[in-house]
Amino acid sequence: MKIHALRTGTVSVKHGFLFPRHGARRQLDLFLPGAFSEPLPIHCWAIEHDGVLRLVDTGETAAARNVPFAHMHVSQDQELPAAMAAAGLKLDDVSEVVLTHGHGDHIDGLVHVHSRVLVNETELRFLATPMARVMRRVLRQPLPAGFAPEPFALHGAFGAFARSRALSDDGRIVAVDTPGHTPGHISVICVDDAGHHVMLAGDATDSLEQLHSLRADAVAPDIKVHVATMKTILAHCAQHPTVYLPSHDPESAARFAAQTTVNVDPTTDRRHSAAALLTT
Ligand SMILES: [Zn+2]
């Protein structure tokens, strides 16, 4: 199995997004003036396994508009085709795309893809709700042209996760239920050749520090659901050595390169990542 970290530009997000306040200000701060973070990566991932090339998410495109709490920095030469070429991969060889969730910085790159696209049925239903439609219109974040992924259901347990779905025939690439950031958010766990669980976590959290802090993000529809998911992820990390890779964690690429697994005693990880996230 070979996993490739791809990067399609960066995004700066409001501090109120990364470190939300409690109560009404949690979501209000997203729309009020505020400081922005340094540019954070927009990762997506390619997995070569058993002769099949899969993508987890497709990244952002230059056409993306900024929203009040996120500024995109993506040029055309940073979009998915270039990100794949940089990894020595060809888009035409992709046979399957799995989406972690339905936000633009994860799905807009679908305009470049012609393969089958899979999404959790719960997420697809959420994307069709009046609330989700209104938000896309207000924030001017339309779904990419031709967006028609195939929904899949989650069934049995995998590690600490109650619901999962094997993506590869041998069960070494598995979608797991990580609701919170969005109601149907999934992460993809790859059991690599060393037996590590490489968790392609999408926006389950923005960083490892947020995971250890059990801090719900500012857009999660239900804080309790989000926190419960973080506890489940930590429980999984305690059972299996897990390399935890959120899409926007500035330390994901280094953790991936060094195959650094989550230290379930969080003191060290937390201090380190908080320093990396805090910005000028
Ligand atoms: Zn994202």
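Before any of the text, the structure's been laid out above.
Because the structure is a prediction, the values reported are computed rather than measured. (Residues numbered from 1 in each chain as written. Predicted model: local features only at pLDDT ≥ 70, side-chain atom pairs only at ≥ 80, totals over all residues. Heavy atoms only, no water.)

Caption draft 1: Structural detail: the pattern of salt bridges. One pass over the full model with this rule turns up 8 salt bridges. In this structure, the salt-bridge partner of glutamate 150 is arginine 116, at a minimum N-O distance of 3.2 Å. A residue pair is termed long-range when its members are at least 10 positions apart, and glutamate 150 in strand β7 (residues 150–152) and arginine 116 in strand β6 (residues 116–120) qualify at 34 residues. Note on glutamate 150: relative accessible area 34%, which makes it partly exposed. Bridged by salt links that share partners, the residues Arg54, Glu96, Arg116 and Glu150 form one connected network. (Salt bridge = Lys/Arg side-chain N within 4 Å of Asp/Glu carboxyl O. Helix = DSSP H or I, 4+ residues; strand = E, 2+ residues; numbered from the N terminus. Buried < 20%, exposed > 50% of the residue type's maximum accessible area, 1.4 Å probe, protein only.)

Caption draft 2: Region of interest: the sheet that holds strand β10 (residues 186–191). Taken in spatial order, the 5 strands make up an open sheet running β8-β9-β10-β11-β12, and their pairing is mixed. At either margin of the open sheet sits one strand with a lone partner, and together these are β8 (164–166) and β12 (242–246). Strand-to-strand, the axes of this sheet are offset by a mean angle of 20°, without reference to chain direction. In terms of strand pairing, strand β11 (residues 197–202) meets β12 through 5 bridges, oriented parallel. Paired with valine 198 across the strands is valine 243, a residue of β12. This element, helix α8 (residues 223–239), spans β10, β11 and β12 of the sheet and lies at about 150° to β12. (Pairing = 2+ DSSP bridges. Axes fitted to C-alpha atoms, helices over the stretch in contact; angles between N-to-C directions. Contact = heavy atoms within 4.5 Å.)

Caption draft 3: View of a nonpolar patch on the surface. A cluster of nonpolar side chains, contributed by Phe31, Met131 and Met135, occupies part of the molecular surface with about 300 Å² of accessible area. Within the secondary structure, methionine 135 is located in helix α6 (residues 130–138). Residue classification places methionine 135 among the partly exposed residues on the basis of a relative accessible area of 31%. (Patch = residues over 30% accessible without salt bridge, like charges linked within 9 Å, V, L, I, M, F, W, Y side chains within 5 Å. Areas by Shrake-Rupley, 256 points an atom, 1.4 Å probe, with all protein chains shown as cover.)

Caption draft 4: Broad picture of the packing of aromatic side chains. For the coordinates displayed, the defined rule picks out 3 aromatic pairs. Residues phenylalanine 17 and phenylalanine 69 carry aromatic rings whose centres are separated by 5.9 Å and whose planes lie at 5° to one another, so their mutual orientation is stacked. Here phenylalanine 17 is found in helix α1 (residues 15–18), whereas its partner phenylalanine 69 is found in the loop between β3 (52–56) and β4 (70–73), with 52 residues between them in sequence. The same class applies to phenylalanine 17 as to phenylalanine 69, namely buried. When the ring of phenylalanine 31 is compared with that of phenylalanine 69, the centres are 5.9 Å apart and the planes differ by 85°; the resulting orientation is edge-to-face. Linking phenylalanine 31 in the loop between α2 (25–28) and β2 (40–49) with phenylalanine 69 in the loop between β3 and β4, this pair joins segments that are 38 residues apart in sequence. (Phe/Tyr/Trp six-rings, centres within 6.5 Å; stacked < 30°, edge-to-face > 60°.)

Caption draft 5: Region of the structure containing the coordination of the zinc ion. At the metal site, the zinc ion is ligated by Asp105 (OD), His106 (NE2), Asp203 (OD) and His248 (NE2), and these contacts range over 2.1 Å. Between the 4 donor atoms coordinating the zinc ion, the angles at the centre fall across 81 to 163°, so the site counts as irregular. Between the donor residues of the zinc ion, the gaps in sequence give the motif D-H-x96-D-x44-H. Of this pair, histidine 106 sits in helix α4 (residues 104–107) while aspartate 203 sits in the loop between β11 and α7 (208–213), and the two are 97 residues apart along the sequence. Note on accessibility: histidine 106 and aspartate 203 belong to one class, buried. (Donors = N, O, S within 2.8 Å, 3.2 Å for Na, K, Ca; no water. Tetrahedral: all angles 85-135°; square planar, octahedral: opposite > 155°, others 65-115°.)

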